[in-house]
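Observations on chain architecture
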Amino acid sequence: MIQTYHAGRHFLQIPGPTNVPDRVLRAIDRPTMDHRGPAFGRFALELLGKLRAVFKTHGPVVVFPASGTGAWEAALVNTLSPGDKVLMVETGQFATLWKNMAVKLGLKPEFIPTDWRTGVDPAQIEDVLRKDKAHEIKAVCFLHNETATGCLSPVLPVRKAIDAAGHPALLMVDTISSLASIDYRHDEWGVDVTVGGSQKGLMLPPGLSFNAVGDKALAVAKNAKLPKSFWSWEDMIANNRNGFFPYTPATNLLYALAESIDMLHEEGLENVFARHDRHAEATRRAVRGWGLEIWCREPKDYSSSLTAVLMPEGQDADRFRKAALEHFDISLGTGLSKLAGKIFRIGHLGDTNDLTIVGALAGVEMGLALAGVPHRKGGVQAAMDYLEAAASPARAAAE
Ligand SMILES: Cc1ncc(COP(=O)(O)O)c(C=O)c1O
(Lines give C-alpha, C1' and ligand atoms only; values in the text may rest on other atoms or scores of the structure.)
Protein backbone atom coordinates (compact mmCIF):
# COMPACT_ATOMS: atom_id res chain seq x y z
CA MET A 1 0.00 0.00 0.00
CA ILE A 2 1.29 3.47 -0.85
CA GLN A 3 1.53 5.59 2.28
CA THR A 4 -0.13 8.91 1.57
CA TYR A 5 0.03 10.35 5.09
CA HIS A 6 3.19 10.79 7.14
CA ALA A 7 2.59 11.52 10.81
CA GLY A 8 4.40 14.48 12.34
CA ARG A 9 5.83 17.54 10.64
CA HIS A 10 7.75 17.16 7.41
CA PHE A 11 11.30 18.50 7.81
CA LEU A 12 11.62 21.08 5.06
CA GLN A 13 15.36 21.74 5.19
CA ILE A 14 15.89 23.08 1.71
CA PRO A 15 17.32 26.59 1.40
CA GLY A 16 13.89 27.95 0.54
CA PRO A 17 11.00 27.93 0.29
CA THR A 18 11.23 27.58 4.07
CA ASN A 19 8.78 26.49 6.75
CA VAL A 20 5.84 28.86 7.09
CA PRO A 21 5.05 29.41 10.80
CA ASP A 22 1.52 28.83 12.03
CA ARG A 23 1.09 32.52 12.83
CA VAL A 24 1.80 33.39 9.21
CA LEU A 25 -0.54 30.68 7.92
CA ARG A 26 -3.29 32.03 10.19
CA ALA A 27 -2.65 35.55 8.88
CA ILE A 28 -3.19 34.38 5.29
CA ASP A 29 -6.40 32.63 6.30
CA ARG A 30 -8.53 35.78 6.32
CA PRO A 31 -11.06 37.17 3.87
CA THR A 32 -9.54 39.02 0.94
CA MET A 33 -10.16 42.77 1.10
CA ASP A 34 -11.13 45.33 -1.50
CA HIS A 35 -7.65 46.36 -2.60
CA ARG A 36 -8.99 49.76 -3.68
CA GLY A 37 -10.89 50.41 -0.46
CA PRO A 38 -9.81 52.69 2.40
CA ALA A 39 -9.09 49.92 4.91
CA PHE A 40 -6.64 48.28 2.52
CA GLY A 41 -4.97 51.62 1.80
CA ARG A 42 -4.36 52.16 5.51
CA PHE A 43 -3.09 48.60 5.97
CA ALA A 44 -0.71 48.68 2.99
CA LEU A 45 0.66 52.11 3.83
CA GLU A 46 1.64 50.93 7.27
CA LEU A 47 3.03 47.66 5.88
CA LEU A 48 5.19 49.40 3.26
CA GLY A 49 6.62 51.57 6.01
CA LYS A 50 7.41 48.58 8.21
CA LEU A 51 9.00 46.73 5.31
CA ARG A 52 11.71 49.37 5.02
CA ALA A 53 13.13 48.37 8.40
CA VAL A 54 13.79 44.84 7.12
CA PHE A 55 15.95 46.21 4.30
CA LYS A 56 17.34 48.93 6.60
CA THR A 57 16.36 51.65 4.19
CA HIS A 58 14.41 54.90 4.34
CA GLY A 59 13.60 54.71 0.63
CA PRO A 60 10.81 52.92 -1.20
CA VAL A 61 10.51 49.15 -1.29
CA VAL A 62 8.52 48.00 -4.30
CA VAL A 63 6.54 44.76 -3.84
CA PHE A 64 5.74 42.59 -6.84
CA PRO A 65 3.28 39.68 -6.91
CA ALA A 66 6.03 37.47 -8.34
CA SER A 67 8.78 35.05 -7.41
CA GLY A 68 12.32 36.35 -6.99
CA THR A 69 13.04 36.09 -10.70
CA GLY A 70 10.56 38.90 -11.27
CA ALA A 71 12.43 41.20 -8.92
CA TRP A 72 15.67 40.42 -10.77
CA GLU A 73 14.02 41.51 -14.00
CA ALA A 74 12.53 44.63 -12.40
CA ALA A 75 15.95 45.70 -11.09
CA LEU A 76 17.46 45.45 -14.57
CA VAL A 77 14.67 46.88 -16.73
CA ASN A 78 14.06 49.90 -14.51
CA THR A 79 17.66 51.07 -14.51
CA LEU A 80 19.30 49.98 -17.77
CA SER A 81 19.09 50.49 -21.53
CA PRO A 82 19.60 48.06 -24.43
CA GLY A 83 23.28 47.24 -24.97
CA ASP A 84 24.39 48.47 -21.52
CA LYS A 85 27.30 46.61 -19.98
CA VAL A 86 26.82 45.09 -16.54
CA LEU A 87 29.43 43.48 -14.32
CA MET A 88 28.33 40.22 -12.68
CA VAL A 89 30.14 37.46 -10.77
CA GLU A 90 29.66 33.76 -11.40
CA THR A 91 29.29 32.66 -7.79
CA GLY A 92 27.01 29.76 -8.76
CA GLN A 93 23.82 28.74 -10.52
CA PHE A 94 21.64 31.63 -9.33
CA ALA A 95 24.23 34.20 -10.41
CA THR A 96 24.33 32.38 -13.76
CA LEU A 97 20.55 32.60 -14.11
CA TRP A 98 20.61 36.36 -13.43
CA LYS A 99 23.38 36.74 -16.00
CA ASN A 100 21.39 34.69 -18.54
CA MET A 101 18.43 36.98 -17.93
CA ALA A 102 20.60 40.03 -18.58
CA VAL A 103 21.64 38.53 -21.93
CA LYS A 104 18.01 37.81 -22.87
CA LEU A 105 17.08 41.41 -22.05
CA GLY A 106 19.70 42.72 -24.48
CA LEU A 107 22.33 43.70 -21.90
CA LYS A 108 26.02 42.86 -22.20
CA PRO A 109 27.21 41.17 -19.02
CA GLU A 110 30.88 40.79 -18.20
CA PHE A 111 30.85 37.66 -16.04
CA ILE A 112 33.79 37.25 -13.62
CA PRO A 113 34.31 33.47 -13.25
CA THR A 114 34.82 31.58 -9.98
CA ASP A 115 34.95 27.88 -9.16
CA TRP A 116 31.59 28.21 -7.33
CA ARG A 117 33.28 27.66 -3.95
CA THR A 118 33.79 31.27 -2.99
CA GLY A 119 32.09 34.66 -2.66
CA VAL A 120 32.74 37.81 -4.67
CA ASP A 121 36.25 39.30 -4.55
CA PRO A 122 35.94 43.11 -4.23
CA ALA A 123 39.50 43.60 -5.53
CA GLN A 124 38.55 41.94 -8.82
CA ILE A 125 35.57 44.24 -9.17
CA GLU A 126 37.72 47.28 -8.49
CA ASP A 127 40.23 46.08 -11.07
CA VAL A 128 37.62 45.68 -13.81
CA LEU A 129 36.02 49.04 -13.01
CA ARG A 130 39.38 50.87 -13.01
CA LYS A 131 40.02 49.56 -16.53
CA ASP A 132 36.59 50.78 -17.68
CA LYS A 133 37.76 54.35 -18.26
CA ALA A 134 34.78 55.18 -20.51
CA HIS A 135 32.34 54.09 -17.78
CA GLU A 136 30.56 51.71 -20.12
CA ILE A 137 29.67 49.42 -17.22
CA LYS A 138 26.37 50.71 -15.88
CA ALA A 139 25.80 48.32 -12.98
CA VAL A 140 27.58 45.84 -10.72
CA CYS A 141 25.18 43.01 -9.84
CA PHE A 142 25.89 40.15 -7.47
CA LEU A 143 24.28 37.87 -4.92
CA HIS A 144 24.78 38.55 -1.22
CA ASN A 145 24.20 34.85 -0.63
CA GLU A 146 24.59 32.28 -3.43
CA THR A 147 21.92 29.71 -2.63
CA ALA A 148 23.44 27.13 -4.96
CA THR A 149 26.74 26.95 -3.05
CA GLY A 150 26.28 28.38 0.44
CA CYS A 151 28.85 31.13 -0.11
CA LEU A 152 28.29 34.67 1.16
CA SER A 153 29.70 37.78 -0.52
CA PRO A 154 30.75 41.02 1.17
CA VAL A 155 28.54 43.99 0.27
CA LEU A 156 30.21 46.98 1.91
CA PRO A 157 33.68 46.06 0.58
CA VAL A 158 32.21 45.92 -2.94
CA ARG A 159 30.66 49.37 -2.40
CA LYS A 160 34.10 50.61 -1.31
CA ALA A 161 35.72 48.98 -4.34
CA ILE A 162 33.33 50.79 -6.69
CA ASP A 163 34.03 54.09 -4.91
CA ALA A 164 37.79 53.48 -4.87
CA ALA A 165 37.68 53.01 -8.63
CA GLY A 166 35.78 56.30 -8.91
CA HIS A 167 33.18 54.49 -11.00
CA PRO A 168 29.53 55.61 -11.30
CA ALA A 169 28.04 52.11 -11.86
CA LEU A 170 24.96 51.24 -9.85
CA LEU A 171 25.28 48.56 -7.19
CA MET A 172 22.53 45.93 -7.28
CA VAL A 173 22.48 43.14 -4.71
CA ASP A 174 20.31 40.01 -4.61
CA THR A 175 19.38 39.20 -1.00
CA ILE A 176 16.81 36.52 -1.81
CA SER A 177 18.43 33.95 0.50
CA SER A 178 19.93 36.36 3.04
CA LEU A 179 17.25 38.95 3.80
CA ALA A 180 15.96 38.56 7.37
CA SER A 181 18.54 35.80 7.99
CA ILE A 182 21.90 37.56 7.64
CA ASP A 183 22.74 41.17 8.52
CA TYR A 184 22.00 43.44 5.57
CA ARG A 185 21.88 47.26 5.37
CA HIS A 186 20.67 48.82 2.14
CA ASP A 187 21.25 52.48 3.07
CA GLU A 188 24.36 52.18 5.21
CA TRP A 189 26.14 49.98 2.66
CA GLY A 190 25.27 52.28 -0.22
CA VAL A 191 23.33 49.78 -2.28
CA ASP A 192 21.28 51.23 -5.14
CA VAL A 193 18.87 48.35 -5.73
CA THR A 194 18.27 45.41 -3.39
CA VAL A 195 16.41 42.38 -4.70
CA GLY A 196 14.48 40.26 -2.18
CA GLY A 197 11.98 37.42 -2.08
CA SER A 198 9.30 36.22 0.33
CA GLN A 199 9.99 32.50 0.63
CA LYS A 200 13.19 32.31 2.67
CA GLY A 201 14.15 34.43 5.70
CA LEU A 202 10.77 36.15 5.67
CA MET A 203 9.10 32.76 6.30
CA LEU A 204 6.33 33.33 3.74
CA PRO A 205 5.16 31.18 0.87
CA PRO A 206 6.69 32.02 -2.54
CA GLY A 207 4.88 34.74 -4.45
CA LEU A 208 6.18 38.13 -3.33
CA SER A 209 9.42 39.77 -4.37
CA PHE A 210 10.96 43.13 -3.69
CA ASN A 211 13.12 45.95 -4.99
CA ALA A 212 14.46 48.37 -2.39
CA VAL A 213 15.36 51.41 -4.45
CA GLY A 214 17.87 54.11 -3.55
CA ASP A 215 17.85 57.74 -4.75
CA LYS A 216 20.54 57.24 -7.37
CA ALA A 217 18.67 54.29 -8.90
CA LEU A 218 15.47 56.34 -8.96
CA ALA A 219 17.27 59.14 -10.80
CA VAL A 220 18.91 56.75 -13.29
CA ALA A 221 15.53 55.05 -13.88
CA LYS A 222 14.19 58.22 -15.50
CA ASN A 223 16.41 57.63 -18.55
CA ALA A 224 16.46 53.82 -18.63
CA LYS A 225 15.24 52.58 -22.01
CA LEU A 226 14.65 48.85 -21.55
CA PRO A 227 10.94 48.15 -22.15
CA LYS A 228 8.84 47.60 -19.05
CA SER A 229 5.23 47.75 -18.03
CA PHE A 230 4.33 45.25 -15.28
CA TRP A 231 7.75 45.79 -13.66
CA SER A 232 7.76 49.58 -13.83
CA TRP A 233 8.69 51.23 -10.54
CA GLU A 234 7.14 54.54 -11.53
CA ASP A 235 3.43 53.63 -11.28
CA MET A 236 4.12 51.38 -8.34
CA ILE A 237 5.85 54.04 -6.26
CA ALA A 238 3.25 56.69 -7.19
CA ASN A 239 0.35 54.42 -6.13
CA ASN A 240 2.17 53.16 -3.02
CA ARG A 241 2.30 56.70 -1.64
CA ASN A 242 -1.36 56.24 -0.67
CA GLY A 243 -1.13 52.52 0.12
CA PHE A 244 -2.38 51.36 -3.28
CA PHE A 245 -1.00 49.39 -6.21
CA PRO A 246 -1.32 49.91 -9.98
CA TYR A 247 -2.64 46.34 -10.35
CA THR A 248 -4.11 43.78 -8.01
CA PRO A 249 -1.65 43.06 -5.18
CA ALA A 250 -1.32 39.59 -3.62
CA THR A 251 -3.59 40.70 -0.79
CA ASN A 252 -3.37 37.67 1.46
CA LEU A 253 0.40 37.35 1.05
CA LEU A 254 0.63 40.95 2.22
CA TYR A 255 -1.27 40.00 5.39
CA ALA A 256 1.34 37.27 5.80
CA LEU A 257 4.15 39.75 5.25
CA ALA A 258 2.78 42.06 7.94
CA GLU A 259 2.68 39.15 10.38
CA SER A 260 6.19 37.95 9.57
CA ILE A 261 7.64 41.45 9.98
CA ASP A 262 5.93 41.66 13.39
CA MET A 263 7.47 38.30 14.33
CA LEU A 264 10.94 39.40 13.21
CA HIS A 265 10.68 42.54 15.33
CA GLU A 266 9.31 40.64 18.33
CA GLU A 267 12.39 38.41 18.21
CA GLY A 268 14.61 41.36 17.29
CA LEU A 269 16.46 41.41 13.97
CA GLU A 270 19.85 41.13 15.69
CA ASN A 271 18.64 38.01 17.52
CA VAL A 272 17.33 36.59 14.26
CA PHE A 273 20.78 37.02 12.71
CA ALA A 274 22.49 35.51 15.78
CA ARG A 275 20.13 32.52 15.64
CA HIS A 276 21.01 31.92 11.99
CA ASP A 277 24.74 32.22 12.77
CA ARG A 278 24.34 29.70 15.58
CA HIS A 279 22.46 27.16 13.49
CA ALA A 280 24.94 27.51 10.66
CA GLU A 281 27.85 26.89 13.04
CA ALA A 282 26.08 23.88 14.56
CA THR A 283 25.52 22.50 11.07
CA ARG A 284 29.15 22.99 10.06
CA ARG A 285 30.30 21.22 13.22
CA ALA A 286 28.03 18.32 12.33
CA VAL A 287 29.43 18.18 8.79
CA ARG A 288 33.00 18.11 10.11
CA GLY A 289 31.96 15.53 12.69
CA TRP A 290 30.76 13.27 9.86
CA GLY A 291 34.16 13.70 8.23
CA LEU A 292 32.56 15.37 5.20
CA GLU A 293 33.67 18.54 3.45
CA ILE A 294 31.88 21.89 3.55
CA TRP A 295 31.56 22.99 -0.08
CA CYS A 296 32.25 26.68 0.64
CA ARG A 297 36.03 26.79 0.83
CA GLU A 298 36.84 29.62 3.22
CA PRO A 299 35.28 30.43 6.59
CA LYS A 300 35.05 34.12 5.65
CA ASP A 301 32.51 33.15 2.96
CA TYR A 302 30.40 30.78 5.06
CA SER A 303 26.68 31.38 4.74
CA SER A 304 24.42 31.46 7.78
CA SER A 305 21.35 30.45 5.77
CA LEU A 306 22.55 27.21 4.22
CA THR A 307 25.46 24.79 4.17
CA ALA A 308 26.35 22.82 1.05
CA VAL A 309 28.09 19.50 1.69
CA LEU A 310 30.40 17.71 -0.74
CA MET A 311 29.72 13.99 -1.12
CA PRO A 312 32.61 11.56 -0.80
CA GLU A 313 34.09 10.47 -4.14
CA GLY A 314 31.78 8.10 -6.02
CA GLN A 315 28.72 8.79 -3.84
CA ASP A 316 25.56 10.23 -5.38
CA ALA A 317 24.03 13.07 -3.33
CA ASP A 318 20.58 12.54 -4.81
CA ARG A 319 20.51 8.85 -3.90
CA PHE A 320 21.28 9.87 -0.32
CA ARG A 321 18.64 12.64 -0.36
CA LYS A 322 16.08 10.12 -1.63
CA ALA A 323 16.86 7.72 1.23
CA ALA A 324 16.58 10.53 3.80
CA LEU A 325 13.24 11.64 2.33
CA GLU A 326 11.77 8.15 2.15
CA HIS A 327 12.80 7.05 5.62
CA PHE A 328 12.86 10.24 7.66
CA ASP A 329 10.54 12.59 5.78
CA ILE A 330 13.20 15.27 5.40
CA SER A 331 13.73 17.35 2.26
CA LEU A 332 17.31 18.47 1.65
CA GLY A 333 18.45 20.76 -1.17
CA THR A 334 19.74 19.17 -4.35
CA GLY A 335 22.95 20.14 -6.15
CA LEU A 336 22.13 22.48 -9.02
CA SER A 337 23.49 22.40 -12.56
CA LYS A 338 27.13 21.27 -12.56
CA LEU A 339 26.88 20.40 -8.85
CA ALA A 340 24.03 17.89 -9.43
CA GLY A 341 24.75 14.66 -7.56
CA LYS A 342 27.97 16.08 -6.07
CA ILE A 343 26.62 18.15 -3.20
CA PHE A 344 23.54 18.40 -1.08
CA ARG A 345 22.40 21.53 0.73
CA ILE A 346 21.10 21.85 4.27
CA GLY A 347 18.83 24.87 4.68
CA HIS A 348 18.97 26.37 8.18
CA LEU A 349 17.11 29.60 7.55
CA GLY A 350 13.72 30.92 8.43
CA ASP A 351 11.53 29.57 11.21
CA THR A 352 14.04 27.24 12.89
CA ASN A 353 15.06 26.62 16.49
CA ASP A 354 17.83 24.59 18.10
CA LEU A 355 15.76 21.42 18.21
CA THR A 356 14.55 21.59 14.61
CA ILE A 357 18.19 21.95 13.59
CA VAL A 358 19.23 18.97 15.73
CA GLY A 359 16.33 16.96 14.30
CA ALA A 360 17.31 17.88 10.76
CA LEU A 361 20.95 16.95 11.38
CA ALA A 362 19.83 13.64 12.88
CA GLY A 363 17.87 13.01 9.69
CA VAL A 364 21.02 13.67 7.67
CA GLU A 365 23.21 11.45 9.86
CA MET A 366 20.76 8.55 9.74
CA GLY A 367 20.21 9.11 6.01
CA LEU A 368 23.95 8.88 5.35
CA ALA A 369 24.04 5.57 7.21
CA LEU A 370 21.01 4.17 5.38
CA ALA A 371 22.37 5.18 1.99
CA GLY A 372 25.72 3.54 2.82
CA VAL A 373 27.66 6.80 2.49
CA PRO A 374 31.04 6.49 4.25
CA HIS A 375 31.07 8.88 7.21
CA ARG A 376 31.83 9.03 10.92
CA LYS A 377 29.16 9.03 13.58
CA GLY A 378 29.03 11.94 15.96
CA GLY A 379 28.13 14.92 13.79
CA VAL A 380 24.82 15.43 15.58
CA GLN A 381 26.59 15.13 18.93
CA ALA A 382 29.06 17.83 17.90
CA ALA A 383 26.16 20.10 16.93
CA MET A 384 24.38 19.39 20.23
CA ASP A 385 27.53 20.11 22.23
CA TYR A 386 27.86 23.45 20.47
CA LEU A 387 24.20 24.42 20.92
CA GLU A 388 24.28 23.40 24.55
CA ALA A 389 27.36 25.53 25.17
CA ALA A 390 25.83 28.43 23.25
CA ALA A 391 22.74 28.22 25.45
CA SER A 392 24.89 28.62 28.52
CA PRO A 393 26.76 31.91 28.20
CA ALA A 394 29.00 31.22 31.18
CA ARG A 395 30.06 27.89 29.77
CA ALA A 396 30.48 29.31 26.29
CA ALA A 397 32.75 32.03 27.72
CA ALA A 398 34.82 29.44 29.54
CA GLU A 399 35.42 27.40 26.37
C1 LIG B 1 19.70 33.94 -4.46
C2 LIG B 1 18.53 33.66 -5.34
N3 LIG B 1 18.24 34.52 -6.34
C4 LIG B 1 17.19 34.32 -7.14
C5 LIG B 1 16.37 33.22 -7.02
C6 LIG B 1 15.22 33.04 -7.94
O7 LIG B 1 14.06 33.23 -7.23
P8 LIG B 1 12.69 32.51 -7.59
O9 LIG B 1 12.97 31.05 -7.75
O10 LIG B 1 11.82 32.85 -6.43
O11 LIG B 1 12.20 33.13 -8.85
C12 LIG B 1 16.63 32.31 -5.99
C13 LIG B 1 15.77 31.14 -5.80
O14 LIG B 1 15.99 30.31 -4.95
C15 LIG B 1 17.73 32.53 -5.15
O16 LIG B 1 18.03 31.67 -4.15
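Data block above holds the structure.
In short, a report on the structure. (Residues numbered from 1 in each chain as written. Predicted model: local features only at pLDDT ≥ 70, side-chain atom pairs only at ≥ 80, totals over all residues. Heavy atoms only, no water.)

Turning next to the overall build of the protein chain. Looking only at helices and strands, one finds 14 helices and 14 strands in the protein chain. In summary, the protein chain has a C-alpha radius of gyration of 21 Å against a globular reference of 21 Å for 399 residues, a match within 12%. Expressed as lengths along the three principal axes of its C-alpha atoms, the size of the protein chain is roughly 60 × 55 × 50 Å. Here the protein chain holds 399 residues, and 56% of them are scored as buried. (Helix = DSSP H or I, 4+ residues; strand = E, 2+ residues; numbered from the N terminus. Rg over C-alpha atoms; globule rule 2.2 N^0.38 Å. Buried < 20%, exposed > 50% of the residue type's maximum accessible area, 1.4 Å probe, protein only.)

Near the ligand, the surroundings consist of 13 residues, among which Ser 67, Thr 69, Thr 147, Asp 174 and Lys 200 are the closest. The side chain of Thr 69 places a nitrogen or oxygen atom 2.5 Å from an oxygen atom of the ligand. At a separation of 2.7 Å, a nitrogen atom of the ligand approaches a polar side-chain atom of Asp 174. Across the complex, the protein chains shield 87% of the 390 Å² of accessible surface that the ligand would expose by itself. Ranked by residue count, the leading element in the shell around the ligand is helix α3 (residues 68-79), at three residues. When its residues are assigned to classes, the shell around the ligand shows four nonpolar, seven polar and two charged. (Near = heavy atom within 4 Å. Polar contact = N/O pair within 3.5 Å; in protein donor to acceptor, adjacent residues only side chain to side chain. Areas by Shrake-Rupley, 256 points an atom, 1.4 Å probe, with all protein chains shown as cover. Nonpolar A, V, L, I, M, F, W, Y, C, P; charged D, E, K, R; others polar.)

In this section: the nonpolar core. In terms of nonpolar packing, the biggest core is built from 67 residues, with Trp 98, Trp 233 and Leu 257 touching the most fellow members. For this core, the leading source of residues is helix α9 (residues 251-267), giving nine residues. When residues no more than four places from it in sequence are discounted, the contact partners of Trp 233 are Val 62, Phe 64, Ala 74, Ala 75, Asn 78, Thr 79, Val 193, Asn 211, Val 213, Ala 217, Leu 218 and Ala 221. Residues Ile 294, Tyr 302, Ala 324 and Val 358 belong to the second largest nonpolar core, which totals 31 residues. (Core = buried A, V, L, I, M, F, W, Y, C linked by side-chain atoms within 4.5 Å. Contact = heavy atoms within 4.5 Å.)

Okay, the pairing of strand β4 (residues 108-113) next. Across six bridges, strand β3 (residues 85-90) lies against β4 in parallel orientation. Counted as the bridge partner of Leu 87 is Glu 110 from β4. The β-α-β motif built from β3, the intervening helix α4 (residues 93-104) and the parallel element β4 has right-handed crossover chirality. (Pairing = 2+ DSSP bridges. Right-handed = clockwise from strand over helix to strand, strands pointing away.)

Axis separation between α9 and helix α10 (residues 269-289) bottoms out at 5 Å; the angle between their running directions is 85°. Relative to α10, α9 is oriented roughly perpendicular. In contact with Leu 264, His 265 and Glu 267 of α9, α10 contributes Leu 269, Asn 271, Val 272 and Arg 275. Its residues assigned to classes, the contact of α9 with α10 comprises three nonpolar, two polar and two charged. (Axes fitted to C-alpha atoms, helices over the stretch in contact; angles between N-to-C directions. Parallel < 35°, antiparallel > 145°, perpendicular 65-115°, else oblique.)

Time to look at the packing of aromatic side chains. Enumeration according to the criterion identifies ten aromatic pairs in this entry. Plain terms: the ring middles of Phe 320 and Phe 344 are 4.6 Å apart, the flat faces sit at 55° to each other, and that makes the pair tilted. Here Phe 320, found in helix α11 (residues 317-328), pairs with Phe 344, found in strand β14 (residues 343-347); they are 24 residues apart in sequence, far enough to count as distant. Overall, the relative accessible area of 0% leaves Phe 320 in the buried class. Joined through ring pairs, the aromatic side chains of Phe 40, Phe 43, Phe 245 and Tyr 255 make up one cluster. Over the aromatic face of Tyr 255 sits the side chain of Arg 30, whose NZ or CZ is 4.1 Å from the ring centroid. Residue placement shows Arg 117 over the ring face of Trp 295; its charged tip is 4.1 Å from the ring centre. (Phe/Tyr/Trp six-rings, centres within 6.5 Å; stacked < 30°, edge-to-face > 60°. Lys NZ or Arg CZ within 6 Å of the ring centre and 35° of its normal.)

As a further point, take the sheet that holds strand β12 (residues 306-310). Strands sit in the order β11-β12-β14 across an open sheet of three strands; the sheet is antiparallel. Whereas interior strands pair on both sides, the edge strands pair on one side only; in this sheet they are β11 (293-294) and β14. When β12 meets β14, the two strands line up antiparallel, connected through five bridges. When the bridges of β14 are listed, Val 309 appears paired with Phe 344.

We now examine the environment of Leu 202. With respect to the helices, strands and loops of the structure, Leu 202 is situated in the loop between β9 (193-197) and β10 (209-213). C-alpha of Leu 202 to C-alpha of Glu 365: the two residues are 163 residues apart in sequence and 28 Å apart in space. With residues near it in sequence (within four places) discarded, Leu 202 still touches Val 54, Leu 179, Ala 180, Gly 197, Phe 210, Leu 257, Ser 260 and Leu 264.

Turning our attention to the sheet that holds strand β2 (residues 61-64). The strand order across the open sheet built from seven strands is β2-β10-β9-β8-β5-β3-β4, with neighbouring strands paired in mixed fashion. A single partner strand is all that each edge strand has here, and the edge strands are β2 and β4. When the angles between neighbouring strand axes are averaged without regard to direction, this sheet yields 20°.

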